[in-house]
Structure formats: C-alpha cells, structure tokens
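# A look at the structure
So you can see what is in the structure, the chains are spelled out below.
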Amino acid sequence: MTPLLSVRDLERRYGARIGCTGVSFDLYPGEVLGIVGESGSGKSTLLSCLAGQQRPDAGHVTYDGRDVLSMSEAERRRLARTEWAHVHQHARDGLRMGVSAGANVGERLMATGHRHYGDIRAAALDWLGRVEIAADRIDDRPQAFSGGMQQRLQIARNLVTGPRLVFMDEPTGGLDVSVQARLLDLLRGLVRDMGLSVIIVTHDLAVVRLLADRLMVMTGGRVVEQGLTDQVLDDPQHAYTQLLVSSVLQV
Ligand SMILES: Nc1ncnc2c1ncn2[C@@H]1O[C@H](COP(=O)(O)OP(=O)(O)OP(=O)(O)O)[C@@H](O)[C@H]1O
C-alpha cells in the first residue's frame, strides 16, 4: 500500500526559534495519526504546514503522489476544497457564523460543483442528522447553538463533501467533559464509517487513546517517539513520553 501522505524532514522556524524540525512520517489511507505534546511543542506549526497555511522552510510533503509544496496556490486550494478538510479547535474558525446551519453545510457542496437546491438541502439535512442536530434547527445560525452543537456542525460542514484527509486541531478542546465524550464517540463512528485518513493534534491523551491508530510525540519542535498508540502509551520509551503518560505534564 502506498501512503496517502508522506512527510520528510519538515522544518519551520520563526526567526531563530524552532517551530518544528526534522519531522518525517507516512500516513496510510484510513489511518488516524495522533500528534501529542505539551503547549509549544510544535503541534500546531506542523499541522498548519501540512494543511498549507504556513510554508515550511525545508522538507517535502507528498499527497497522493503529488508534491504539495511545489503546487500552485490554486491547485492547493482545490485540494483543500475537495479532498481535504480542516476541523478547528474553535468552531467559529471553521464555520460562517452569519449564515444558517443548513447553509454552512450546503455551501460546501456548492463549492464542489453541486447545483441542485433540493439535493443540497436534502444532503444538509442528512448531515445535520448524522451529527445529531435536530432537523428543525436547519435555519438557525450557529450563534444560537451550544459549543458542542457548533463543533458538530463544523464537523458536518467538513465531512459533507466526502474528503479523504482530515486535519483536526484539538477538536474537543474547550468543551465540557461530558460533551467531549459524546463528540469523540461521534467522531470515532464517522471516521470508521467513512474510512477517513486523519491527522489529529491534541494535548489530551484520552482523545488519541480513543481515536488514533498511531501516535507521534513531540517536544521542542521535534518528534521524540512514534508508534502504535497503545504501545506508545502503555510502554513509553522516551523519557518525555514517560512524563507525559505519567500525567506529570498534563494540565
Ligand atoms: N507565529 C509565531 N511566531 C513566532 N513563534 C511562534 C509562532 N507560532 C509558534 N511559535 C513558536 O513555535 C513553537 C511551537 O509552537 P506551536 O504553537 O506549534 O506549539 P503547539 O504544540 O501547537 O502549542 P499549543 O498546544 O499551545 O498550540 C513555540 O516555541 C512557539 O513559541
């Protein structure tokens, strides 16, 4: 099997400060890769370089055989619209707060070429149901939703177009524990049903324990350990991972 995404020696610096450096990994179709590390370890920098929001200073990123870093901006935007999705920590960064829930989901379909209003509305309704938002909320704006509902709407907006690769940045961050549990359950079901490839960044080991097949541990912008999630968490080899797992660094 060929990897969907290959990353080699990726580096991003902010002046003299390291954002991330020497990052290499392969992501296979249908695989969920978790990236963990404390605040400032380089997780967000890495994710934004992969998703094309920041330009790395060095390294290679290959997606489905294509060199991502040498693509034109138009090509990369097309990929981002059709094959990739990005679930942000704060729903407001991934939603359009001024339009209805139905439009938030439907406009993504329009952006990928769907034109039939009835079909788009039907697909939006179907997706609201899949993320457990009642059909009678379709015309409400996201402001009227709770934090958990907004996050579920953001997920529907991202997945309605059937992406292959999903970037998730702390998707359960800032939510109540009970809301987090429900959201995680929902995400796990969708990832499995749709066979999605996912890169999920979090500082929460419970999230990766539940969702990730493989785990990458970062500190100081470097990957210090990677492997199968259960192996890394149950038998951490690197001193930093041992600290992380023993919860000393967890807040
Ligand atoms: N825009 C920026 N300008 C300068 N330095 C930055 C910038 N963004 C990140 N950094 C630095 O890069 C390093 C990695 O930060 P990054 O935000 O990627 O870590 P993180 O693991 O995502 O942290 P958090 O969980 O708090 O978001 C840190 O030393 C940080 O101070």
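If you're wondering where the values come from, they're calculated on a predicted model, not measured in any experiment. (Residues numbered from 1 in each chain as written. Predicted model: local features only at pLDDT ≥ 70, side-chain atom pairs only at ≥ 80, totals over all residues. Heavy atoms only, no water.)

## Quick word on unusual backbone geometry
- Phi is positive for D64, close to 50°, though the residue is something other than glycine.
- A positive phi angle, near 65°, is found at E132, a position not held by glycine.
- Among the structural elements, E132 can be located in the loop between α5 (117-130) and α6 (147-159). (Helix = DSSP H or I, 4+ residues; strand = E, 2+ residues; numbered from the N terminus.)

## Examining helix α7 (residues 177-194)
- The end-to-end C-alpha separation of α7 is 26 Å, in line with the 26 Å expected for 18 residues at 1.5 Å each.
- Taken together, the buried positions of α7 are Q180, L183, L184, L186, L187, L190 and V191.
- Looking at the buried residues of α7, the elements they touch are β3 (32-36), α5, α6, β7 (165-169), β8 (197-202) and α8 (205-211).
- Backbone geometry just downstream of α7 places G195 in the positive-phi region, at approximately 60°. (Expected span 1.5 Å × (residues − 1). Buried < 20%, exposed > 50% of the residue type's maximum accessible area, 1.4 Å probe, protein only. Contact = heavy atoms within 4.5 Å.)

## Focus on the site of the ligand
- Taken together, Y14, R17, I18, G19, E38, S39, G40, S41, G42, K43, S44 and T45 are the residues near the ligand.
- Contact between the ligand and G42: an oxygen atom at 3.0 Å from a main-chain N or O atom of the residue.
- Within the complex, 60% of the 630 Å² of free accessible area of the ligand lies under protein.
- At the level of secondary structure, the elements contributing two or more residues to the shell around the ligand comprise β2 (17-27) and α1 (43-50).
- Partitioned by chemical class, the residues of the shell around the ligand number two nonpolar, seven polar and three charged. (Near = heavy atom within 4 Å. Polar contact = N/O pair within 3.5 Å; in protein donor to acceptor, adjacent residues only side chain to side chain. Areas by Shrake-Rupley, 256 points an atom, 1.4 Å probe, with all protein chains shown as cover. Nonpolar A, V, L, I, M, F, W, Y, C, P; charged D, E, K, R; others polar.)

## Concerning the sheet that holds β7
- Pairing within the open sheet is mixed, and its six strands lie in the order β6-β7-β8-β3-β9-β10. Both outer strands of the open sheet, β6 (84-87) and β10 (222-228), are each paired with one neighbouring strand and no more. For this sheet, the mean angle separating the axes of adjacent strands, direction not counted, is 15°.
- Strand direction decides the pairing type here: strand β9 (residues 214-219) and β10, joined by six bridges, are antiparallel. By the bridge assignment for β10, T219 is matched with R222. (Pairing = 2+ DSSP bridges. Axes fitted to C-alpha atoms, helices over the stretch in contact; angles between N-to-C directions.)

## Let's talk about the layout of surface pockets
- Roughly 400 Å³ of internal volume is contained in the largest pocket.
- Surrounding the largest pocket, 17 residues form its lining, Q53, A80, H86, H88 and R108 being those nearest its centre.
- Mapped onto the lining of the largest pocket, the elements with two or more residues apiece are α2 (73-82), β6, α3 (91-94) and α6.
- Per element, the largest residue contribution to the lining of the largest pocket is four residues, and it comes from α2.
- The residue inventory of the lining of the largest pocket, partitioned by class, reads six nonpolar, five polar and six charged. (1 Å grid on protein atoms, 1.4 Å probe; cavity = no way out; pocket = protein on both sides within 12 Å on 5 of 7 lines; lining within 4 Å. Points joined across faces, edges and corners; volume = space filled by probe spheres on them.)

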